[in-house]
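# A look at the structure
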Amino acid sequence: MSISELRLTAVDFELKLAWKYFRARRKSLARLTAIVAVAGIASGVAALIVAQALARGFADEMRDKILANTAHITVFRIDGAGISDWENRKANLEKIENVKAVQATTYESALITGQKSTGYCILRAVENPESRIEKKSEPVPGSRQLSTPDSINISIGAELAEKTGLVIGDKAEIIFPDGDFAPQTSRVSIREIFRTGLYDYDSTWIRVAFEDFAKLSGKSNFAPTVLSVSVGDIYAADKTSEEIRRSFGEDFKAIDWQQANRPLFAALSLERKVSLAIISLIIFIAVLNITTTLALLVNERRPDIAVLRTCGARARSLITIFLLEGSFLGIAGIVLGSLIGLLLCFAGNRFRLISLPSDVYSLSHIPLAPRISDVLLIAATAFALSLAATVYPAFRAARIKPLENLRNQ
């Protein structure tokens, strides 16, 4: 028999014996610690999967909502002035690779007076309200769009409409600040009520066409302050914004969506990493029960270990046997925890279990988004901790002296 065949035979022997010990009936204390170890690992793995899925879901939902209602790249003058040659600038932007659409936009603060109260609002003037960029939010279910000839028509966020008591077709007043002069008050008609899914936008935004914004502001020569750029590949937006900066010169600034929302996504990433570290400590505490279980098993199996050593079993084989048995306990907990965690994620999405106050967290519902990469990382971390917990009792078993144990029996 060759050396390779002998090694395969030894591995097969160690694996079969470890599986036999794993399935064998144990004394009550060892059985209890084994159950606690598997349950602890399973609960830790399940909690970690849910926590990571929750963090992923929140980040993805925030990203999608933000990108659906704001520009991928925002281009504006550093001094904040209007872009007088915006049509030429827009044409130049549309020639840049990865740029799909460009929309001239401006933002101004104002007040709106409705049936119930007066509320702060942000007027978002857009070049073409029916463009692809602007139609990413959804009208409120059951609402309809009305257009009144020769009047100023606006689209208002659902939360702002509810706060001010306005519905489709109502008249309202917008108080527009005018620097050192008296504020200008204009009558408007509610054309549409929209919902973006982000409370900050739905509670403040009012969309209005350029020509209507000119009437509200009292400016005949109106120029937008922002060029909103939509790109094909959102993850290449930083490179596109850098190209725009080089093309437009030092008077302009281009900020991509990742740069504009860096504090938010950095905080969400940190939260995900912290939850991974904290719950990994919980899993580590749980896998310590594997150490206890194997230590008890070593005491139970002293006669068997003595016989194996007397029959020529090497210390390495004994270490491998107990390492495998501890790994079986860890794998059982990991598989059970993974199934529980994924089922909880499915149930959370199916029944929308995670609902939050939208005025506090911006989102009213957070989907759970488990990823296979996260599940594999969690499983690998739990398995590594389980394996580390088996080292001491495995080496302890290898140090048992066969003759002394047989004599004591």
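Predicted, not measured: the structure shown is a model, and the values here were computed from it.

Within the protein chain, the regular secondary structure consists of 15 helices and ten strands. Of all 409 residues assigned to the protein chain, the portion counted as buried reaches 45%. The contacts of the protein chain with a sequence gap of at least 6 include a subset with a gap of at least 24, amounting to 79%. Accessible surface, the protein chain as shown: approximately 21,200 Å² in total, 58% of it carbon and sulfur.

Before going further, it helps to spend a moment on the pairing of strand β1 (residues 73-77). As judged from the four bridges shared by β1 and strand β9 (residues 226-231), these two strands associate in the antiparallel manner. Looking at β9, one finds that F76 is bridged to V226. Across five bridges, β1 lies against strand β10 (residues 252-256) in antiparallel orientation. Residue F76 lies in a different strand from β10, and its bridge partner there is K253.

To continue, consider the confidence of the model for the protein chain. Low pLDDT marks regions whose predicted coordinates should not be analysed in detail. Looking at the protein chain as a whole, its pLDDT mean stands at 85, while 86% of the residues score no less than 70. Counting interchain partners and residues more than four positions distant, the pLDDT-below-50 stretch residues 1-8 has two contacts. Every residue in residues 131-135 is under pLDDT 50, and counting partners more than four places away or in other chains gives 20 contacts.

Right, let's get into the environment of R77. Structurally, R77 can be placed in strand β1. Accessibility expressed as a relative area gives 22% for R77, which makes it partly exposed. Separated by 175 residues in the primary sequence, R77 and F252 place their C-alpha atoms 4.4 Å from one another. Beyond its immediate stretch of four places on either side in the chain, R77 contacts G82, I83, T225, D251 and F252. Only 3.2 Å separates the side chain of R77 from the side chain of D79, close enough to count as a polar contact.

Bringing the packing of aromatic side chains into the picture now. What the rule picks out here adds up to eight aromatic pairs. Each ring, one from F176 and one from F213, has its centre 5.7 Å from the other, and the planes form 80°; the classification is edge-to-face. Pair noted here: F176 is in strand β6 (residues 171-178) and F213 is in helix α6 (residues 210-217), with a separation of 37 residues, a long-range link. The pair formed by F176 and F213 is uniform in burial state, with each residue classed as buried.

So, about the side chain of Q52. Residue position: Q52 is located in helix α2 (residues 28-69). With residues up to four places along the chain from it excluded, the contact list for Q52 reads R272, S275, L276, D374 and I378.

This brings us to the nonpolar core. Residues V75, I112, I154, I156, I174, I206 and L227 are the most contacted members of the largest nonpolar core, which totals 58 residues. Counting 42 residues, the second largest nonpolar core, distinct from the first, contains A313, L318, F322 and I400.

What follows concerns helix α14 (residues 391-398). By the burial criterion, the buried members of α14 are P393, A394, A397 and A398. Buried residues of α14 fall within an arc of 145° about the axis and therefore sit on the same side. Buried residues in α14 make contact with α9 (262-300), α10 (302-310), α11 (315-350) and α13 (372-389).

At a closest axis distance of 10 Å, the pairing of α9 and α11 adopts a crossing angle of 140°. By the angle between their directions, the pair α9 and α11 is classed as oblique. Every pair of crossing elements has a handedness; the one defined by α9 and α11 is right-handed. Contacts between α9 and α11 pair I290, T293, L294, L297 and V298 from the former with F322, E325, G326, L329 and G330 from the latter. Partitioning the contact of α9 with α11 into residue classes produces six nonpolar, three polar and one charged.

Of note, K100 is situated in strand β2 (residues 99-113). Its relative accessible area of 57% is what places K100 among the exposed residues.

This part takes up the pairing of strand β5 (residues 153-157). Within a regular strand, side chains alternate between the sheet's two faces. Of all five residues that make up β5, five are buried, and the element is covered over most of its length. Burial along β5 is two-sided: N153, S155 and G157 facing one way and I154 and I156 facing the other are all buried. Pairing of β5 with strand β8 (residues 205-209) involves three bridges; the strand directions are antiparallel. The partner of I154 across the bridge, within β8, is V208.

Within the span of α10, buried status applies to I305, A306 and L308. Buried residues of α10, seen end-on, are gathered within an arc of 165° and therefore sit on one face of the element. At the C-terminal side of α10, G312 shows a positive phi close to 105°.

Applying the stated criterion across every chain, the model contains eleven salt bridges. Between R246 and E242 there is a salt bridge, with the nearest N and O atoms lying 3.9 Å from each other. Placement of the pair is R246 and E242 together in helix α7 (residues 237-248), with a separation of four residues, close to one helical turn. A relative accessible area of 59% places R246 in the exposed class.

The rules behind the values
Residues numbered from 1 in each chain as written. Predicted model: local features only at pLDDT ≥ 70, side-chain atom pairs only at ≥ 80, totals over all residues. Heavy atoms only, no water. Helix = DSSP H or I, 4+ residues; strand = E, 2+ residues; numbered from the N terminus. Buried < 20%, exposed > 50% of the residue type's maximum accessible area, 1.4 Å probe, protein only. Contact = heavy atoms within 4.5 Å. Areas by Shrake-Rupley, 256 points an atom, 1.4 Å probe, with all protein chains shown as cover. Pairing = 2+ DSSP bridges. pLDDT = per-residue confidence, 0-100. Polar contact = N/O pair within 3.5 Å; in protein donor to acceptor, adjacent residues only side chain to side chain. Phe/Tyr/Trp six-rings, centres within 6.5 Å; stacked < 30°, edge-to-face > 60°. Core = buried A, V, L, I, M, F, W, Y, C linked by side-chain atoms within 4.5 Å. Arc of directions from axis to C-beta. Axes fitted to C-alpha atoms, helices over the stretch in contact; angles between N-to-C directions. Parallel < 35°, antiparallel > 145°, perpendicular 65-115°, else oblique. Left-handed = near helix turned anticlockwise from the far one by under 90°. Nonpolar A, V, L, I, M, F, W, Y, C, P; charged D, E, K, R; others polar. Salt bridge = Lys/Arg side-chain N within 4 Å of Asp/Glu carboxyl O.

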